[in-house]
Amino acid sequence: MKWIDLYLEEVRHHLPSQNREDIVREIRSTLLDMVEDHNPNPGQPPSEELVKDVLKDFGSPRKIAREYGSHQYLIGPRMYPVYIQVLKIVLIIVLAMNVLGLLITVVNPPNLAGGILITVLELVGGLFTSMFTAFGIVTLSFALIEKSAPESWHAEFQQSWSPEDLPKTTQQEHVKVPGLAVEITLAFVFIALLNFFFDRIGIYYLGETGWVSAPILNDQFRRYIPWLTAAAVTDIGLNLYLIRQGIWDRLATAGRVLINLFKIGILSAIILGPAVITISPVAWQALDLTLDFGPDELSRTLNTLLNVLLGLTMFGLVVDTIKRIASIFFRGDKAQTTIIN
Amino acid sequence: MIVDTVQEQTQNLVQELRRGVIVIAVLSQLHEEQYGYSLMKKLEEQGLQVDQGTLYPLLRRLEEQTLLKSDWRVETTRPRRYYALSDFGEKVLKEVTVEWSRIKQTVDQLLSKTKENKNEMD
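Quantities reported herein were computed from a predicted structural model and do not represent experimental measurements. Per chain, residues are indexed from 1 in the order of the written sequence. As a convention, the first chain written is A and the first ligand written is 1, with the rest following in written order. In keeping with the model being predicted, local features are shown solely for residues with a pLDDT of at least 70 and side-chain atom pairs are shown and tallied solely at 80 or more, while totals for entire chains, interfaces and linings include all residues. Side-chain metrics in this entry use all non-hydrogen atoms of the structure; hydrogen atoms and water are not considered.

### Notes on the overall build of chain B
The secondary structure content of chain B amounts to 4 helices and 3 strands. In DSSP terms, a helix is any run of H or I states spanning at least four residues, a strand is any run of E spanning at least two, and both are numbered starting from the N terminus. Counting helices and strands in the order they occur from the N terminus, chain B gives α-β-α-α-β-β-α. Buried residues in chain B amount to 31% of all 122 residues. Any two residues whose heavy atoms approach within 4.5 Å at even a single point are treated as in contact. Taking the intrachain contacts of chain B between residues at least 6 apart in sequence as the baseline, contacts between residues at least 24 apart amount to 43%. In the structure as shown, chain B presents an accessible area of about 8,500 Å², 55% of it carried by carbon and sulfur atoms. Summary of the burial criterion: residues with accessible area below 20% of their type's maximum are buried, those above 50% are exposed, and those between are partly exposed, where the area comes from a 1.4 Å probe applied to protein chains only. Surface exposure here means Shrake-Rupley accessible area, sampled with a 1.4 Å probe, where a residue is shielded only by the protein chains that are shown.

### Things to note about the overall build of chain A
Regarding its fold elements, chain A presents 13 helices and 2 strands. Relative to its 341 residues, chain A shows a buried fraction of 33%. Within chain A, contacts between residues at least 6 apart in sequence are counted, and of these 72% link residues at least 24 apart. In the form shown here, chain A has an accessible surface area of approximately 21,500 Å², with 64% of it arising from carbon and sulfur atoms.

### Examining the packing of aromatic side chains
Residues and elements named next belong to chain A. Pairing of aromatic side chains requires ring centres within 6.5 Å, counting the rings of Phe and Tyr and the six-membered ring of Trp. Pairs whose planes differ by under 30 degrees are stacked, by over 60 edge-to-face, and all others tilted. Counted under the stated rule, the structure contains 7 aromatic pairs over all chains. Between Tyr83 and Phe142, the ring centres sit 5.5 Å apart and the planes meet at 65°, which makes this aromatic pair edge-to-face. Of this pair, Tyr83 sits in helix α5 (residues 80–107) while Phe142 sits in helix α6 (residues 115–148), and the two are 59 residues apart along the sequence. On the basis of relative accessible area, Tyr83 is assigned to the buried category, the value being 6%.

### Here we look at the packing of helix α2 (residues 36–45) of chain B against helix α3 (residues 52–64) of chain B
Residue and element names in this part refer to chain B. Where α2 contacts α3, the two axes come as close as 11 Å, and the packing angle between them is 125°. Viewed along their axes, α2 and α3 adopt a mutual orientation that is oblique. Of the two elements, α2 crosses α3, and the hand of that crossing is right-handed. Residues Gly36, Tyr37, Leu39 and Met40 of α2 form the contact with α3, whose own contacting residues are Gln52, Leu55, Tyr56 and Leu59. For the contact of α2 with α3, the per-class residue count stands at 6 nonpolar, 2 polar and no charged. For helices, the fitted axis covers only the stretch in contact; all axes are lines through C-alpha atoms, and the angles between them, taken along N-to-C directions, range from 0 to 180 degrees. Angular relationships are summarised with four words: roughly parallel below 35 degrees, roughly antiparallel beyond 145, roughly perpendicular across 65 to 115, and oblique for the angles in between. Note: crossing handedness is left-handed where the near helix turns anticlockwise from the far helix by less than a right angle, and right-handed where it turns clockwise. Residue polarity follows a fixed list, in which Ala, Val, Leu, Ile, Met, Phe, Trp, Tyr, Cys and Pro are nonpolar, Asp, Glu, Lys and Arg are charged, and the others, Gly among them, are polar.

### A closer look at a nonpolar patch on the surface
Taken together, the side chains of Trp100(B), Ile103(B), Val107(B) and Leu111(B) make up a nonpolar region of the molecular surface, amounting to roughly 370 Å² of accessible area. Looking at the element boundaries, Val107(B) is found in helix α4 (residues 87–121). Here a patch means residues that are over 30% exposed by relative accessible area and free of salt bridges, tied together within 9 Å if like-charged and within 5 Å if nonpolar (Val, Leu, Ile, Met, Phe, Trp, Tyr). Throughout this description, the term salt bridge denotes a Lys or Arg side-chain nitrogen within 4 Å of a carboxyl oxygen of Asp or Glu.

### Section: α2(B)
For α2(B), the set of buried residues is Gly36(B), Tyr37(B), Ser38(B), Leu39(B), Met40(B) and Leu43(B). Positive phi shows up at Gly47(B), right after α2(B), with a value of about 100°.

### Some points on the sheet that holds strand β3 (residues 79–85) of chain B
Strand pairing within a sheet occurs via backbone hydrogen bonds; the two strands may be parallel or antiparallel. Residue and element names in this part refer to chain B. Strand pairing is assigned whenever DSSP identifies at least 2 bridges connecting the two strands. The strand order β1-β3-β2 describes an open sheet built from 3 strands, whose pairing is antiparallel. Taken across any chain shown, the strands that pair with only one partner, and hence form the sheet edges, are β1 (34–35) and β2 (68–74). Here 2 bridges tie β1 to β3, and the two strands are oriented antiparallel to one another. Residue pairing across strands places Gln34 opposite Tyr83, the latter belonging to β3.

### Topic: the interface of chain B and chain A
Each partner contributes residues to the interface: chain B has 17 residues there, and chain A has 19 residues. Buried surface at the junction of chain B and chain A, summed over both partners, amounts to about 1,700 Å²; 46% is from carbon and sulfur atoms. Summed over the shared surface of chain B and chain A, the number is 8 salt bridges. Here Asp51(B) and Lys63(A) are joined by a salt bridge, their closest N and O atoms 3.1 Å apart. Any N or O atom pair separated by 3.5 Å or less is treated as a polar contact, with the protein-specific requirement of one donor-capable and one acceptor-capable atom, and with residues adjacent in sequence counted only for side-chain atom pairs. Scanning the region where chain B abuts chain A turns up 13 residue pairs in polar contact (both at pLDDT 80 or more). Elements with a minimum of two residues in the side of chain B that touches chain A: α2, α3 and β3 of chain B. Looking at the side of chain B that touches chain A residue by residue, the classes come out as 7 nonpolar, 3 polar and 7 charged. Here the quantity called buried area is the accessible surface, traced with a 1.4 Å probe, that two parts lose on coming together, added over both.

### Comments concerning the pairing of β3(B)
Residues and elements named next belong to chain B. When you tally the buried positions in β3, you get 6 out of 7 residues, the bulk of the element. Pairing of β2 with β3, which is carried by 7 bridges, proceeds in the antiparallel orientation. Note on β3: the bridge partner recorded for Lys69 is Ala84.

Structure representation (structure tokens):
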């Protein structure tokens, strides 16, 4: 019965670990029953052809294993649509950043031995590498979410649903899960960058010996790291809550308003406080730039630019806060009407 | 071409119908204990062919749902797993049988009315 052993080994390989041996034992018993039943010479050992016919009739090992529920998804049906949307957004961002880098290099070509063509070719190669890396990271993240998701997620997806789960009013604003997933990812990157790669935040320039970086944020900035981290953590918390709820309820709206006010406070402190960007003489030398002005002037310009950027962000936060506060009152009335109707 | 499509579609629908009734068919045959292959033969003899790949996982699922109980027994030549309705399964089958009769009656009525209407229109 060599063929049966080989067959069962293959089935075992594809079966879920739970009850694996018991299932294999039962299939063996069935196969032996089938062989015995089809044997034209009862009592005699079956021919190899007969055994193979029985196995063929039984079905491919993968198919049999699948019937026993070995659906081993990397990313399951619940997460798949979100995964595809997040992947699209991330790949577009990576593509845009690479194209930007390419344009900067073409406009301001570095003085390299290989010339501009080699540099551009290297950057195009880098584009594919970064696209594949982004693809890998997003896929891995979703695979981890899939693996760590509680069983209830899948159960909920497959069965229990009640009209009670529907939003209580058509006026409620639905959340956009892909956007929130991207925000959560970026918040994690932001936290990691601030807390673990602080020194890597700087100016990157393609010099004669390759990429050169110089840290630009000074110790004044370090004071804000715990506050910025706290803001990012609360952002993640709120976004997870929103994904779970599916709508902007009053608690989420109030949370967003409070977080926005917190962020406005931090940004105001950075803008009004001492300068946070300093180009050190060492960094200036390392950059090896041929410019008409010195590191102090560059620092001042960068600080001004940063303040403008932070000011614009603050403006956006203020607008969002007003919008959210208005929505509490505006939607509150509409919601009542909808429920009564 | 049209015949092929009709045949294919009919086959698909019949397959779906079979899939729907297979659980009740299996449960109905397990008042007395059976091992997988004997159950498959029994169903086949009565005109319901069930794929092995469907039957065995189904038996496991029904057991997980505590509708069936099972145990391994060594008989003449090899060990076999025997399945039978549990007390819970007996009760559920009784209820499902009543519901099945209702569904059958309703569908029969619907089909006969459709036939009558068609004859009138002709």
